[in-house]
Amino acid sequence: MIIAIDGPAASGKSTTAKKVAEKLSFTHLDTGAMYRAVTLFFLDNKTVLSDPDQIQYAVNLIRLKFLKDQILLMNDVDVSAEIRTGRVTEFVSEVSALQQVREKMVYLQREIAKFQDVVVEGRDIGTHVFPDAKFKFFIVADVEERARRRYDELKNKFGDINFNDVLLDLKGRDKKDASRKISPLKKAEDAIVIDTTSLTIDEQVDEIIDIINNKIHNRS
Ligand code: CDP
């Protein structure tokens, strides 16, 4: 079974997807982490984003593997922390708009979901990667609230962070992600919208679990 969770940056997708997956004993797949890893590879290897040959060459070299607890290995190196740094965040929307990158990531995502139950989070999961997902959720929250949450998260991890930079990053990425040509960030027509602006993590997780249980047990 596939549960798709899409939504804009810092809307609470990751925490929600992780907890929902835990409760249902499903695998959690964070597709954003995959695009972040590709971005890190491109930055480290100085891949020129306007050169399709360089992009294809780089894409072919990337091997990704998720371990337990959202540890992500890229070519056998743990990149879980580095993919969250500002330099990766700055370029991830540009890199993830590239067709060759998306083709490879979508292929890998479908492979991972072939033989297991998954909660998959991203931007295009319900619209493009798994249009037949049994459940589709679109998580939204007020942009100021999202910036506050991301600011707290980054401050704890990396220290010296400016709130306005975080707010501008979210607004910029949302705009780029929603306006790109290939698989833009968009609510699938049949997705259920969850507004988390004034919800706690537990409340949003419970809301999703209730919807899933009600449908599975035919209670609505
Ligand atoms: O955690 P945060 O909301 O900051 O973003 P993320 O889920 O880690 O995704 C990082 C970036 O990857 C997004 O801003 C998108 O540009 C891209 N992405 C995408 O294009 N398609 C996906 N399915 C997931 C992420």
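1. What about the sheet that holds strand S5 (residues 77-78)?
With antiparallel pairing, the three strands of this open sheet are ordered in space as S3-S4-S5. Two strands lie at the open edges of the sheet, namely strand S3 (64-66) and S5, each paired on one side alone. Sheet strands in contact with helix H2 (residues 31-44) are S3 and strand S4 (72-74), and its direction is about 30 degrees off that of S4.

2. Some details on helix H3 (residues 52-61)
Every buried residue of H3 is listed here: Ile 55, Ala 58 and Val 59. Within H3, the buried residues cover an arc of 100 degrees as seen down the axis, which keeps them to one side. Exposed side chains of H3 directed beyond 90 degrees from the buried face belong to Asp 53, Tyr 57 and Asn 60. Check the buried side of H3 and you find it contacts H2 and helix H5 (99-112). Its side-chain oxygen placed 3.0 Å from the backbone nitrogen of Asp 53, Asp 51 serves as the N-cap of H3.

3. As for the domain arrangement of the protein chain
As far as domains go, the protein chain holds domain 1 (1-26 + 124-212) and domain 2 (27-116). Between the C-alpha centres of domain 1 and domain 2 there is a distance of 19 Å. Each partner contributes to the interface: domain 1 provides 24 residues, whereas domain 2 provides 22 residues. When domain 1 packs against domain 2, the two sides together hide about 1,700 Å² of surface, and 56% of this comes from carbon and sulfur. Ionic pairing is found between Asp 124 and Arg 102, a salt bridge with its closest N-O pair at 2.9 Å. Summed over the shared surface of domain 1 and domain 2, the result is five residue pairs in polar contact (both at pLDDT 80 or more). Residue assignment for the side of domain 1 that touches domain 2 shows that the elements contributing at least two residues are helix H1 (13-24), helix H6 (125-129), helix H7 (143-158) and helix H8 (163-179). Of the residues in the side of domain 1 that touches domain 2, the class split is 11 nonpolar, four polar and nine charged.

4. Quick look at the environment of Val 119
Locating Val 119 in the fold gives a position in strand S6 (residues 118-122). Separated by 90 residues in sequence, Val 119 and Leu 29 have C-alpha atoms that sit 6.1 Å apart.

5. Observations regarding a negative patch on the surface
Together, Asp 202, Glu 203, Glu 207 and Asp 210 make up a negatively charged patch on the protein surface. Tracing the chain through its elements places Glu 207 in helix H9 (residues 201-216).

6. A word on the site of the ligand
The full set close to the ligand counts 20 residues, and Ala 10, Arg 36, Arg 150, Arg 173 and Asp 177 are the nearest of them. One of the side-chain nitrogen or oxygen atoms of Arg 102 is found 2.8 Å away from an oxygen atom of the ligand. For the ligand, whose free accessible area comes to 530 Å², the fraction covered by protein is 98%. Among the elements of the structure, H2, helix H4 (86-96) and H8 are those that each provide at least two residues to the shell around the ligand. If one sorts the elements of the shell around the ligand by residue count, H2 sits on top with four residues. A per-class count over the shell around the ligand returns five nonpolar, five polar and 10 charged. Per-domain counts for the shell around the ligand show at least three residues from each of domain 1 (1-26 + 124-212) and domain 2 (27-116).

7. Side note on the environment of Asp 124
Looking at the element boundaries, Asp 124 is found in the loop between S6 and H6. A relative accessible area of 1% places Asp 124 in the buried class. With 59 residues separating them along the chain, Asp 124 and Ser 183 place their C-alpha atoms 5.8 Å apart. Setting aside residues no more than four positions away along its own chain, Asp 124 makes contact with Asp 6, Arg 102, Val 106, Val 129 and Ser 183.

8. Thoughts on the pattern of salt bridges
Tallied over the entire structure, the rule returns 18 salt bridges. Note that Asp 174 is salt-bridged to Arg 146, the shortest N-O span being 2.9 Å. On the criterion of sequence distance, the pair formed by Asp 174 in helix H8 and Arg 146 in helix H7 is long-range, its members being 28 residues apart. Judged by its relative accessible area of 13%, Asp 174 falls in the buried class. We classify Arg 146 as buried; its relative accessible area is 5%.

Thresholds applied
Residues numbered from 1 in each chain as written. Predicted model: local features only at pLDDT ≥ 70, side-chain atom pairs only at ≥ 80, totals over all residues. Heavy atoms only, no water. Pairing = 2+ DSSP bridges. Helix = DSSP H or I, 4+ residues; strand = E, 2+ residues; numbered from the N terminus. Contact = heavy atoms within 4.5 Å. Axes fitted to C-alpha atoms, helices over the stretch in contact; angles between N-to-C directions. Buried < 20%, exposed > 50% of the residue type's maximum accessible area, 1.4 Å probe, protein only. Arc of directions from axis to C-beta. Polar contact = N/O pair within 3.5 Å; in protein donor to acceptor, adjacent residues only side chain to side chain. Domains from an automatic or database assignment. Buried area = accessible area lost by both parts, 1.4 Å probe. Salt bridge = Lys/Arg side-chain N within 4 Å of Asp/Glu carboxyl O. Nonpolar A, V, L, I, M, F, W, Y, C, P; charged D, E, K, R; others polar. Patch = residues over 30% accessible without salt bridge, like charges linked within 9 Å, V, L, I, M, F, W, Y side chains within 5 Å. Areas by Shrake-Rupley, 256 points an atom, 1.4 Å probe, with all protein chains shown as cover. Lys, Arg positive; Asp, Glu negative; His and termini not counted. Charge placed at Lys NZ, Arg CZ, Asp CG, Glu CD. Near = heavy atom within 4 Å.

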